[in-house]
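Coordinate inspection notes
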Amino acid sequence: MGANTDRNVAIIGGGIGGLTAALAFAQSGAQVTIYEQAARISEVGAGLQITPNGARALHALGLKNALDAAGLPAAAVIPTDALTGHTIARFDLTRQNPIYRFLHRADLIGLLAQACADQGVQIVLNSRIATFGADGSFDTGAGRDSPDLTIGADGLHSILRPVLNKAEAPFFTGQVAWRAIIPQSKSDPVARIWMAPGRHLVTYPLPDNRLNIVAVQERDSWAAEGWHHADDPANLRAAFADCAPLLRDMLAQVEITHLWGLFRHPVAENWHGIKCAILGDAAHPTLPFLAQGANLAIEDAYVLASICDKNTDIQTALRAYQAARRPRVARAIAAANANARNYHLSGLQRRIAHTGLKAFGKLAPDAFINRLGWLYNHDVTSSSE
């Protein structure tokens with residue numbers, strides 16, 4: 001029995017990071033309550049990629065079979081010239097262990113929520129936190145609560161992050177993103193990166209014959225942050241109107257799309273207070289260029305629960321949690337930022353980069369994926385974390 005046994009843990013936010021933290025703490029004996037402002041635990045309209053580093057934590061929490069049932073094993077990542085439609089290279093993912101998966105975000109939320117319910121986690125819906133203290137106490141409007149540990153897993157607009165850190169204004173990157181899902185007959189389970197000057201798309205299949213689309217364009221006009229701003233699909237099609245026919249045909253099928261502005265946020269300096277901590281996007285919002293937003297939140301949640309279970313003193317645990325996680329997420333975010341540039345090259349730089357990728361694919365096909373070994377091979381379930 002570890003230090004989490006009978007700890008009273010409150011989690012603000014019922015997204016992927018919050019649910020993973022709830023499950024990890026509950027499995028180690030804590031009494032866990034999730035406070036979620038929405039009327040139900042749900043997510044709509046977006047796919048995600050669970051890479052091996054995130055999968056290790058989910059497997060350790062007993063979710064391997066559920067993940068296998070909900071996701072598709074990924075075969076490869078394929079950089080593609082969006083203007084011509086020509087494949088530049090194909091990099092194999094089938095040897096990744098654990099397997100690299102494509103899932104719908106709602107399916108991951110659903111299986112995590114079910115696992116939490118099975119573990120006795122209490123979920124309080126329609127719960128908006130009125131005030132927050134650095135000691136972890138908070139007011140839901142029904143009175144003050146002061147658990148042993150409060151975890152802010154409440155995303156980009158976290159109410160706990162500014163309590164622990166000075167106000168920091170994000171800046172618009174000059175890029176906007178669309179997301180959409182279209183019907184797609186069964187096809188090769190690959191992530192295809194369609195690269196064009198000043199823009200790119202990533203497409204990959206989801207269960208039930210669907211194709212997930214995330215498209216990014218550089219532009220001066222500002223768009224609001226957040227995933228839920230509806231946009232006219234014609235705007236998405238116009239951004240890629242000069243691209244290959246196959247790509248244009250896919251975008252012609254889009255009936256519903258959402259647009260959001262991409263903003264760069266600093267990694268929080270302080271991840272914890274006296275009896276509280278933040279994780280996931282609340283601590284380190286990530287641009288969608290490395291498929292790591294959900295995976296890093298899952299890692300955070302597992303590590304936080306594990307370290308707390310090893311330490312009776314919560315302050316010692318929270319300091320160790322920040323020390324373990326902050327350097328890693330900073331490196332991942334820097335890598336995502338670099339991809340934002342590399343996907344959008346033009347002119348001579350573009351030709352040189354595509355030639356290099358083609359050479360990688362022919363002469364050293366494992367080199368591209370091996371460059372991400374520091375990311376995919378990381379194991380938060382090992383005793384060294």
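Scroll up for the structure.
Residue positions are given per chain, counted from 1 along the sequence in the order it is written. Totals for whole chains, interfaces and linings use every residue, but because this is a predicted model, local features are given only for residues with pLDDT of at least 70 and side-chain atom pairs only at 80 or more, for both listing and counting. In computing side-chain properties, one takes all heavy atoms of the structure into account and sets aside hydrogens as well as water.

Broken down by element type, the chain carries 12 helices and 19 strands. Its C-alpha atoms give the chain a radius of gyration of 21 Å, near enough to 21 Å, the size a compact globule of 385 residues would have. Counting only C-alpha atoms and orienting by the principal axes, one finds that the chain spans roughly 60 × 40 × 35 Å. By the convention used here, residues are in contact when the closest approach between their heavy atoms is within 4.5 Å. Taking the intrachain contacts of the chain between residues at least 6 apart in sequence as the baseline, contacts between residues at least 24 apart amount to 77%. Note on areas: Shrake-Rupley with a 1.4 Å probe; residue coverage comes only from the protein chains shown. Accessible surface, the chain: about 16,100 Å² in total, of which carbon and sulfur atoms supply 51%. Positive and negative charge centroids in the chain, built from 34 and 33 side chains respectively, lie 7 Å apart. Each helix is a run of H or I in the DSSP string that is no shorter than four residues. Each strand is a run of E no shorter than two, and both are numbered from the N terminus. Only C-alpha atoms enter the radius of gyration; for comparison, a globular chain is expected to reach 2.2 Å times N to the power 0.38, where N is the number of residues. When charges are counted, Lys and Arg are positive and Asp and Glu negative, with His and the chain ends excluded. Lys charges are placed at NZ, Arg charges at CZ, Asp charges at CG and Glu charges at CD.

The next thing to look at is helix α10 (residues 347–363). Note: α-helices contain 3.6 residues per turn, so residues at a spacing of three or four share the same orientation. In this analysis, the expected span of each helix is defined as 1.5 Å times one less than the number of residues it contains. Over its 17 residues, α10 extends 24 Å from the first C-alpha to the last, a length consistent with the 24 Å expected when each residue adds 1.5 Å. Buried within α10 we find Arg-350, His-354 and Leu-357. Mapping the buried residues of α10 onto a view down its axis gives an arc of 60 degrees, with all of them on the same face. Away from its buried face by more than 90 degrees, α10 exposes Leu-348, Gln-349, Arg-351, Ile-352, Thr-355, Lys-362 and Leu-363. Those residues of α10 hidden inside the fold are in contact with β5 (76–81), β6 (91–92), β14 (190–196) and α11 (367–370). Residue burial is assigned from relative accessible area. The probe radius is 1.4 Å, only protein chains are included, and a residue is buried under 20% of its type maximum, exposed over 50%, and partly exposed in between. Directions pointing from the helix axis toward each C-beta atom define the arc.

The next thing to look at is the nonpolar core. To form a nonpolar core, buried Ala, Val, Leu, Ile, Met, Phe, Trp, Tyr and Cys residues must be joined to one another through side-chain atoms within 4.5 Å. Within the largest apolar cluster, 100 residues are counted, with the highest numbers of intra-cluster contacts made by Ile-11, Phe-25, Val-32, Leu-108, Leu-112 and Leu-304. Apart from the residues within four sequence positions on either side, Leu-304 is in contact with Phe-25, Ile-151, Ala-277, Leu-279, Leu-318 and Tyr-321. Counting residues in each nonpolar core, the second largest holds 20 residues, with Ala-196, Leu-201, Ile-213 and Leu-259 among its members.

Here the focus is the pairing of strand β15 (residues 199–206). Buried residues dominate β15, accounting for eight of its eight residues. From the end of β14 to the start of β15, which pair antiparallel, there are two residues, and Gly-198 there has a positive phi angle of about 75 degrees. By this definition, two strands are paired if DSSP reports at least two bridges between them. By the bridge criterion, eight bridges tie β15 to strand β16 (residues 210–218) in an arrangement that is antiparallel. Within β16, the position partnered with Leu-206 by the bridge is Arg-210. Counting the residues between successive antiparallel strands, the hairpin from β15 to β16 contains three residues, one of them, Asp-208, with a positive phi of roughly 65 degrees.

Further remarks concern the sheet that holds strand β3 (residues 47–50). Read across the open sheet, the three strands follow the order β3-β7-β4; overall the sheet is antiparallel. The strands lining the two open edges of the sheet, one partner per strand, are β3 and β4 (72–73). Of the pairings in the sheet, the one linking β4 to strand β7 (residues 101–104) comprises two bridges and is antiparallel in character. Bridge pairing in β7 places Pro-73 opposite Arg-101.

A few words on helix α2 (residues 52–60). A large share of α2 lies buried, amounting to seven of its nine residues. Along α2, the positions that sit buried rather than exposed are Pro-52, Asn-53, Gly-54, Ala-55, Arg-56, Ala-57 and Leu-58. Just downstream of α2 lies Gly-62, where phi reads positive at about 85 degrees.

To continue, consider the environment of Thr-94. With respect to the helices, strands and loops of the structure, Thr-94 is situated in the loop between β6 and β7. As a C-alpha pair, Thr-94 and Ala-74 span 20 residues in sequence and 6.7 Å in three-dimensional space. The residues contacting Thr-94, other than those within four sequence positions of it, are Ala-74 and Ala-75. Throughout this description, a polar contact denotes any pair of N or O atoms lying within 3.5 Å of each other; where both atoms belong to protein, one of them has to be capable of donating a hydrogen while the other can accept it, and for residues adjacent in sequence the pair is counted only when both atoms sit in side chains. Among the polar contacts listed, one links the side chain of Thr-94 to the side chain of Asp-92, at a separation of 2.8 Å.

With that settled, consider the packing of helix α8 (residues 293–310) against helix α9 (residues 314–342). Contact geometry for α8 and α9: axes closest at 9 Å, N-to-C directions at 155 degrees. Relative to α9, the element α8 is oriented roughly antiparallel. The hand of the α8/α9 crossing is right-handed. Seen from α8, the contacting residues are Leu-296, Glu-299, Asp-300, Val-303, Leu-304, Ile-307 and Cys-308; seen from α9, they are Ile-314, Ala-317, Leu-318, Ala-320, Tyr-321, Ala-324, Arg-325, Arg-328, Val-329 and Ala-332. Classification convention: Asp, Glu, Lys, Arg as charged; Ala, Val, Leu, Ile, Met, Phe, Trp, Tyr, Cys, Pro as nonpolar; all other residues, Gly among them, as polar. A breakdown of the residues in the contact of α8 with α9 according to their chemical character gives 13 nonpolar, no polar and four charged. Fitting a line to C-alpha atoms yields each axis, with helices limited to the stretch in contact; the angle taken between N-to-C directions then spans 0 to 180 degrees. By the definition adopted for this analysis, an angle is roughly parallel if under 35 degrees, roughly antiparallel if over 145, roughly perpendicular if from 65 to 115, and oblique otherwise. Each crossing gets its hand from how the near helix is turned against the far one by less than a right angle, where anticlockwise is left-handed and clockwise is right-handed.

In this section: the side chain of Thr-150. Looking at the secondary structure, you find Thr-150 in strand β12 (residues 149–152). With a relative accessible area of 0%, Thr-150 lands in the buried category. Beyond its immediate chain neighbours, meaning those up to four positions away, Thr-150 contacts Ala-10, Ile-12, Phe-132, Gly-136, Phe-138, Leu-160, Lys-275, Cys-276 and Ala-277.

Glancing now at the pairing of strand β18 (residues 257–264). For β18, a buried count of six out of eight residues is recorded, marking the element as mostly surrounded by other parts of the structure. One ladder, built from seven bridges, connects strand β13 (residues 171–183) with β18; its direction is antiparallel. For Phe-171, the partnering residue across the bridge sits in β18 and is Arg-264.

The next point concerns the pattern of salt bridges. The salt bridge criterion pairs a side-chain nitrogen of Lys or Arg with a carboxyl oxygen of Asp or Glu, the two atoms within 4 Å. Throughout the structure, instances matching the rule amount to 12 salt bridges. Among the salt bridges present, the one from Asp-242 reaches Arg-199, with a minimum N-O distance of 2.7 Å. Residue Asp-242 is located in the loop between α6 (233–239) and α7 (245–252), and its partner Arg-199 is located in strand β15; the two are separated by 43 residues in the primary sequence. Asp-208 is paired through a salt bridge with Arg-210; the nearest N and O atoms lie 4.0 Å apart. Judged by its relative accessible area of 22%, Arg-210 falls in the partly exposed class. Here the salt bridges share partners, and the residues they tie into one network are Glu-299, Asp-300, Arg-325 and Arg-328.

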